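Structure assessment
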Amino acid sequence: MNVAFLFFRPLDPHSGGVERVTDILTKELKARGYNIKYLVFRKIENIGDLATDIYYFPDSDAYVTEENKKFYTQFIKEHKIDICILQEPRFCAGIFDLFPTQNCKLVSVYHGGPAGDLCFYWKNSLRKHTSNLDYCLKFIPRLFLRALDKIRLKKILSNSINEAIRKSDAIVYLSDKFAPDFKMVDIFPNNRKFYYIGNPSTYTIPSEMPKKEKIILFAGRMVPHKNPDLIIRIWNKIAKDYQDWKVLFIGGGPMIDYCKNQFRCLNNIEFLGQRDPEEFYKKASILCMASNNEGWGMVLVEAMSMGCVPIVFESFRSVNDIVEDTKNGILVKPFSRKLYRKGLRELIENDGFRKTLAENAMVKVREFAPQIIVEKWIQLFERVISHED
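Residues numbered from 1 in each chain as written. Predicted model: local features only at pLDDT ≥ 70, side-chain atom pairs only at ≥ 80, totals over all residues. Heavy atoms only, no water.

1. With respect to the overall build of the protein
Where we set the bar: Secondary structure counts use DSSP, requiring at least four H or I residues in a row for a helix and at least two E residues in a row for a strand, with both numbered from the N terminus. When accessible area is computed with a 1.4 Å probe and restricted to protein chains, residues below 20% of their type maximum are described as buried, those above 50% as exposed, and intermediate ones as partly exposed. We call two residues in contact when some of their heavy atoms are within 4.5 Å. Per-residue and other accessible areas were derived by the Shrake-Rupley procedure at a 1.4 Å probe size, with only the shown protein chains allowed to occlude residues.
For the protein, the helix and strand inventory stands at 13 helices and 13 strands. A buried classification covers 53% of the 389 residues belonging to the protein. Sequence-distant contacts in the protein: of pairs separated by 6 or more residues, those separated by 24 or more amount to 69%. Split by element, the accessible area of the protein, about 18300 Å² in all, is 49% carbon and sulfur.

2. Re the sheet that holds strand β7 (residues 194-196)
Heads up, the rule is: One bridge is not enough; two strands pair if DSSP finds at least two bridges between them. Angles here are taken between N-to-C directions and fall from 0 to 180 degrees, while the axes themselves are lines fitted to C-alpha atoms, restricted in helices to the stretch in contact.
Taken together, the seven strands give an open sheet; going across it, the order is β3-β2-β1-β4-β5-β6-β7, and neighbouring strands pair in parallel fashion. In the strand order of this sheet, the two ends are held by β3 (53-56) and β7, each with one partner. Averaged over all neighbouring strand pairs, the angle between strand axes comes to 25 degrees, with direction disregarded. Sheet strands in contact with helix α5 (residues 143-167) are β5 (105-109), β6 (170-173) and β7, and its direction is about 140 degrees off that of β6.

3. Structural notes on the state of the cysteines
By definition, a disulfide links the sulfur atoms of two cysteine residues through a covalent bond. Just so we agree on the cut-off: Throughout, a disulfide means two cysteine sulfur atoms within 2.5 Å of one another.
Evaluated as defined, the whole model comprises zero disulfides. A disulfide-free cysteine, Cys84 has its sulfur positioned 5.5 Å from the sulfur of Cys104, the nearest such atom. Exposure remark for Cys84: the relative accessible area of 0% places this residue in the buried category. Sulfur of Cys308: no disulfide; nearest cysteine sulfur belongs to Cys288 and is 8.8 Å away. What makes Cys308 buried here is its relative accessible area of 0%.

4. As for the packing of aromatic side chains
Test applied: Stacked, edge-to-face and tilted labels apply to pairs of Phe, Tyr and Trp rings (six-membered ring for Trp) whose centres lie within 6.5 Å, assigned for plane angles under 30 degrees, over 60, and everything in between, in that order.
Throughout the structure, instances matching the rule amount to 23 aromatic pairs. When the centroid spacing of 6.4 Å and the interplanar angle of 65 degrees are considered together, the rings of Phe96 and Phe99 count as edge-to-face. Neither residue differs from the other here; Phe96 and Phe99 are each classed as buried. Counting every residue linked through ring pairs, the aromatic cluster contains Phe8, Phe41, Tyr55, Phe57, Tyr63, Phe71 and Phe75.

5. Some details on the side chain of Thr202
Here is the rule: Counting of polar contacts relies on pairs of N or O atoms within 3.5 Å, with two restrictions inside protein: one atom must be capable of donating a hydrogen and the other of accepting it, and residues adjacent in sequence are counted only when both atoms are side-chain atoms.
Topologically, Thr202 is positioned in the loop between β7 and β8 (215-219). A polar atom in the side chain of Thr202 sits 3.0 Å from the side chain of Glu302. In contact with Thr202, not counting residues within four places along its chain, are Arg20, Ile24, Met298 and Glu302.

6. Here we look at the packing of helix α6 (residues 228-238) against helix α7 (residues 255-262)
Heads up, the condition is: Convention used here: angles under 35 degrees read as roughly parallel, angles over 145 as roughly antiparallel, angles from 65 to 115 as roughly perpendicular, and any remaining angle as oblique. The handedness criterion is simple: a crossing whose near helix is rotated anticlockwise from the far helix by less than a right angle is left-handed, and one whose near helix is rotated clockwise is right-handed. Three categories are distinguished: nonpolar for Ala, Val, Leu, Ile, Met, Phe, Trp, Tyr, Cys and Pro, charged for Asp, Glu, Lys and Arg, and polar for the others, with Gly belonging to the last.
It is the contact of α6 with α7, at a shortest axis distance of 10 Å, that shows an interaxial angle of 30 degrees. Considered as vectors, α6 and α7 are oriented roughly parallel to each other. Pair α6 / α7 crosses with right-handed handedness. Residues Pro228, Asp229, Ile232 and Arg233 of α6 form the contact with α7, whose own contacting residues are Met255, Tyr258, Cys259 and Gln262. For the contact of α6 with α7, the per-class residue count stands at five nonpolar, one polar and two charged.

7. Overview of the sheet that holds strand β10 (residues 269-273)
In a beta sheet, neighbouring strands are held together by backbone hydrogen bonds and run either parallel or antiparallel to one another. The parallel open sheet is built from six strands, whose spatial order is β10-β9-β8-β11-β12-β13. Pairing within the sheet leaves two strands with one partner each, and these edge strands are β10 and β13 (330-332). Strand after strand, the sheet turns through a mean of 20 degrees between neighbouring axes, direction not considered. Of the strand pairs in this sheet, β8 and strand β11 (residues 286-289) are connected by two bridges, and their pairing is parallel. Its bridge partner lying in β11, Leu217 is registered against Leu287. Its contacts with the sheet place helix α9 (residues 298-305) against β8, β11 and β12 (309-313), and it is angled at close to 175 degrees to β11.

All we've got here are geometric facts, nothing functional implied.
Structure representation (structure tokens):
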């Protein structure tokens, strides 16, 4: 069977979870005799080794153009592609016009929840500035604009999913726990096109617990919805009590400079930029996540596979597929800084508790072994090709 993965953003397995997941699935599928190709809009230099061949659309400035349509049709025909997997089409308006009706099946994969930022919308809008009276007063007139933004966002998300339902042969979300969120965008997924497949673990789980240091880790893009600044605010409140611990931020993004300029005091905090996170997962004892929402939270699985214990806001449905509170990590009510500090203190101070959670975390992520996840994809392929309900 011939399968193509289609990407809208540059494909670099070292830069993001979706890219790493795709490369892992590609290796597993190729080992089972599948022929895989990558089809990408945006090109970057020094991409490194990929699991398979990569092809680029001729027009990277726009998605749906006559030149790209012609290229896609010829690509599918020339390589005899049976299934094209469309990675993350949420905010690519009109993208389904790129795909003409033909024998190639189309699978749309959403790596975020169906409701996206609509979850905890007002809490996220107001949360960061409630301690600043001047800003709050200025913010009140903007509430109306925020309400309009919410209506606009709901329309975008709803239109994207409805278009996918009409034009895709299958639609994949990362967890069946997202089902209640479809109602927020007026979607009722009793459609038999819907599948739920989690992401595979990235790393081979070591046979023994890696040697741990007094390191708290943030791993991910330094962007607003991941709230790296919130981690700093939480840590700065308790840092004086744990001066032999340090907090490392790995990942690139616009909020690196913001965080450096925003906070006068950075207590034992280092910004390391874009790095391969594997060695940091091995050394770190605790992983901090504070995202507004995630589709899966790939860094959770990656960290847990190395015995790095996560503490995370319960702000997205699929987190409950990965983290079991006080068993293999800590779940915190969104977006309570007080409870987050309490959980972080407990992990720092209680070595035995932290070690137990670390051991349980390494066991839990075996459920997401690539060999297990790829079998679910193969079942989907077979059903789509045979039109099986």
